[in-house]
Amino acid sequence: MIPYGTFTYFEILLVLLIPVVVLGFSGKKSNLYSTFLTLVFLAVTFSSSKQQALYLIGYIIWEVILVKCYSTYRKKANEPAIYYISLILSILPLIVVKVAPIFYTNSLIGFLGISYLTFKSAQVIIELRDKSIKEIKILDFLRFLLFFPTISSGPIDRFRRFQKDTQKTLTSEEYREFFEIGLHKIFVGFLYKYIIGYLINEHIIHSSYASGHSFSANVIYMYAYSLYLFFDFAGYSCFAIGVSYLIGVRTPENFNMPFISRNIKDFWNRWHMSLSFWFRDYVYMRMVFFLTKKKVIKNRQAISYIGYFTLFLLMGLWHGLQWNYIVYGLYQAIIMCSFDWFEQFNKKRKIWKNNKVTHVISVLITFHFICFGFLIFSGHLFK
């Protein structure tokens, strides 16, 4: 059963969250019951596929052994080779899942949410190496890895922030605030996903798709798909964040009005923020730092552009090895580098003033670049 995908899921959720809410309003919490909730919703999520459940169990064992071994090793030494081997091994299951369909088209490898669990596991290994995390207990790692509200599609939390929330017992007044935010988020999620997103998909996308590949049909599909993608995914994120708040965990936001972005950089600070910030912090920044430190290239702007191309190509490949995802990643890298070049040029020439008129024009231009990118992402152009 896909999380938040059926009303049955919400009915189960409603019943099982009652003890959490009662305890919260009493200024108490139960880690034992939280563990029980995780086990129940893992069973609910993977009840329809024993194969996926077995893959999940194998994956958990794999990651726990890796994290525990690297945590023990890191206390004594810090060889780069060991770090990179550990990091690659933590990402290896996801790589296998993405590459396997090329060779075995009829096989089903992996499980729902493997990407987001892998981001969490890799993050922990990176921060153990940095000493941001000095020590990690297996139970704490499992709570972080398998936090059920966000298990299938994020948002992607950070271990230290998550750990701080789970270790804190909220007062009744604090929980009341969390409860109100959580409930509001869940209702917004229903509005986004099951009303607006549903209507766009049923009444616009399907009809424009059936109209073929005329220019007007492609334009309608482009705008409709872009809006649907936002409302469907933002709705899911609202559910995940809302349920997290009801449990007492302040899961980070994932969307912040992305379609009013002034430029492509602003967009990636507003769209799927937990994912874009993860790639920024753990891929882009580290690559730029490495190339700068090793003095591989002296031009800082060139280093930044290499970082952008690596970042967005990986983002595209993460979605899949199909051409539409690869082209989408390259497209995002090109417009990001182009905007960065223009931004540097404009600082010297001052040809694009900063006022209300240029702000509105910038939003409109950015919106169209974003929508065309989503048209590429959808694969509609490749059919």
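Conventions we followed
- Within every chain, residues take consecutive numbers counted from 1 along the sequence as written.
- A pLDDT threshold of at least 70 governs which residues receive local features in this predicted model, and a stricter bar of 80 or more applies before side-chain atom pairs are shown or counted, although totals over entire chains, interfaces and linings include all residues.
- Hydrogens and waters are ignored; side-chain quantities use all the structure's heavy atoms.
- UniProt positions are given in the numbering used here, feature names are shortened, and annotations may be inferred rather than shown by experiment.
- Every helix listed is a DSSP run of H or I at least four residues long, and every strand listed is a run of E at least two residues long, numbered separately from the N terminus.
- Here the term buried applies to any residue with accessible area under 20% of the maximum for its type, exposed to any over 50%, and partly exposed to those in between, with areas from a 1.4 Å probe on protein chains only.
- Pairing of N or O atoms within 3.5 Å defines a polar contact, subject to two protein rules: one partner must be a possible hydrogen donor and the other a possible acceptor, and residues neighboring in sequence count only if both atoms are side-chain atoms.
- Residues are treated as being in contact if the distance between any of their heavy atoms lies within 4.5 Å.
- The definition of a nonpolar core used throughout is a set of buried Ala, Val, Leu, Ile, Met, Phe, Trp, Tyr and Cys residues joined through side-chain atoms within 4.5 Å.
- A side-chain nitrogen of Lys or Arg and a carboxyl oxygen of Asp or Glu constitute a salt bridge if their distance falls within 4 Å.
- Grouping into patches uses exposed residues only, defined as over 30% relative accessible area, and leaves out salt-bridged ones; the cut-off is 9 Å for like charges and 5 Å for nonpolar side chains (Val, Leu, Ile, Met, Phe, Trp, Tyr).
- Per-residue accessibility takes into account occlusion by the displayed protein chains alone, with areas from the Shrake-Rupley method and a 1.4 Å probe.
- Geometry of aromatic contacts follows a simple scheme: Phe, Tyr and Trp rings, the Trp one being its six-membered ring, pair when their centres are within 6.5 Å, and the pair is stacked under 30 degrees between planes, edge-to-face over 60, tilted otherwise.
- Two cysteine sulfurs form a disulfide in these notes if their separation is within 2.5 Å.

- As recorded in an unreviewed UniProt entry, the protein goes by Teichoic acid D-alanyltransferase and comes from Gottfriedia endophytica.
- Quoted verbatim from the Function (unreviewed entry) field of UniProt, the annotation for the protein is "O-acyltransferase that catalyzes D-alanylation of both teichoic acid and lipoteichoic acid (LTA). D-alanylation of LTA plays an important role in modulating the properties of the cell wall in Gram-positive bacteria, influencing the net charge of the cell wall. Catalyzes D-alanylation from DltC carrier protein."

1. Observations concerning the overall build of the protein
And step 1. The secondary structure content of the protein amounts to 14 helices and 0 strands.
And step 2. Scanning the protein from its N terminus toward the C terminus, one meets helices and strands in the order α-α-α-α-α-α-α-α-α-α-α-α-α-α.
And step 3. Taking the principal axes of its C-alpha atoms as reference, the protein extends roughly 60 × 55 × 50 Å.
And step 4. A burial count over the protein gives 48% of its 383 residues as buried.

2. Considerations on the side chain of Asn324
And step 1. Mapped onto the secondary structure, Asn324 falls in helix α13 (residues 323–349).
And step 2. With relative accessibility at 10%, the residue Asn324 sits in the buried group.
And step 3. Only 2.8 Å separates the side chain of Asn324 from the backbone oxygen of Phe377, close enough to count as a polar contact.
And step 4. In contact with Asn324, not counting residues within four places along its chain, are Ile376, Phe377, Ser378, Gly379 and Phe382.

3. Quick look at the nonpolar core
And step 1. One finds Tyr4, Leu13, Val124, Trp268, Trp271 and Phe374 to be the most contacted residues of the largest nonpolar core, which totals 106 residues.
And step 2. When residues in this core are grouped by element, the largest group, 17 residues, is from helix α9 (residues 215–247).

4. Notes on the pattern of salt bridges
And step 1. Following the criterion strictly, the structure yields 15 salt bridges and no others.
And step 2. Between Asp130 and Arg286 there is a salt bridge, and its shortest N-O distance comes to 2.5 Å. In this pair, Asp130 sits in helix α5 (residues 114–130) while Arg286 sits in helix α11 (residues 273–293), placing the two residues 156 residues apart along the sequence.
And step 3. A relative accessible area of 35% means that Asp130 is categorised as partly exposed.
And step 4. Residue classification places Arg286 among the partly exposed positions, given a relative accessible area of 30%.
And step 5. Between Arg262 and Asp266 there is a salt bridge; the shortest N-O distance is 3.6 Å.
And step 6. On the basis of relative accessibility, which here comes to 38%, the residue Arg262 falls in the partly exposed class.
And step 7. Take Asp266: its relative accessible area is 12%, and that puts it in the buried class.
And step 8. One continuous salt-bridge network, built from bridges that share partners, spans Asp157, Arg161 and Asp165.

5. Considering a nonpolar patch on the surface
And step 1. A cluster of nonpolar residues, Ile351, Trp352, Val357, Ile361, Ile365 and Phe369, forms a patch on the protein surface that exposes about 550 Å² of accessible area.
And step 2. Residue placement: Val357 occurs in helix α14 (residues 356–378).

6. Examining the environment of Ser172
And step 1. Secondary-structure assignment places Ser172 in helix α8 (residues 172–210).
And step 2. By relative accessible area, Ser172 is classed as partly exposed at 23%.
And step 3. Each C-alpha atom of the pair Ser172 and Tyr221 lies 48 Å from the other, and the pair is 49 residues apart in sequence.
And step 4. Residue contacts for Ser172: discarding those within four places in its chain leaves Gly24, Phe25 and Gly27.

7. Notes on unusual backbone geometry
And step 1. For the bond from Gly154 to Pro155, the omega torsion is 0°, close enough to zero to count as cis.
And step 2. With respect to the secondary-structure elements, Pro155 resides in the loop between α6 (138–145) and α7 (159–167).
And step 3. Positive phi, close to 70°, is recorded for Lys131, a residue that is not glycine.
And step 4. Look at His272: it is not a glycine, yet its phi comes out positive at around 40°.
And step 5. For His272, the location among the structural elements is in the loop between α10 (264–268) and α11.
And step 6. Taking relative accessible area as the criterion, His272 reaches 4% and is therefore assigned buried.

8. Regarding the side chain of Thr366
And step 1. By the secondary structure assignment, Thr366 is in helix α14.
And step 2. Within the local environment of Thr366, its side chain forms a polar contact with the backbone oxygen of Arg262, the two atoms lying 3.0 Å apart.
And step 3. Setting aside anything within four residues of it in sequence, one finds Thr366 in contact with Ser261, Arg262, Asn263 and Ile264.

9. Describing the packing of aromatic side chains
And step 1. Within the structure shown, the criterion is met by 59 aromatic pairs.
And step 2. For the ring pair Phe7 and Phe190, a centre distance of 6.2 Å and an interplane angle of 5° mean the geometry is stacked. With Phe7 in helix α1 (residues 7–25) and Phe190 in helix α8, this pair connects stretches of sequence that are 183 residues apart.
And step 3. Between the aromatic rings of Tyr83 and Tyr84, the centroid separation amounts to 5.0 Å while the plane-to-plane angle is 55°, which identifies the pairing as tilted.

10. Structural notes on the state of the cysteines
And step 1. Inspection of the entire model under this criterion finds 0 disulfides.
And step 2. The thiol sulfur of Cys371 is not disulfide-bonded, and the nearest other cysteine sulfur, from Cys238, lies at 20 Å.
And step 3. Using a relative accessible area of 0% as the deciding quantity, one classes Cys371 as buried.

11. Some details on the environment of Leu311
And step 1. Among the secondary structure elements, Leu311 is positioned in helix α12 (residues 300–319).
And step 2. Linking Leu311 and Phe339, residues 28 residues apart in sequence, is a C-alpha distance of 16 Å.
And step 3. Sequence-distant contacts of Leu311, defined by excluding residues within four places in its chain, comprise Phe279, Arg280, Val283 and Tyr284.

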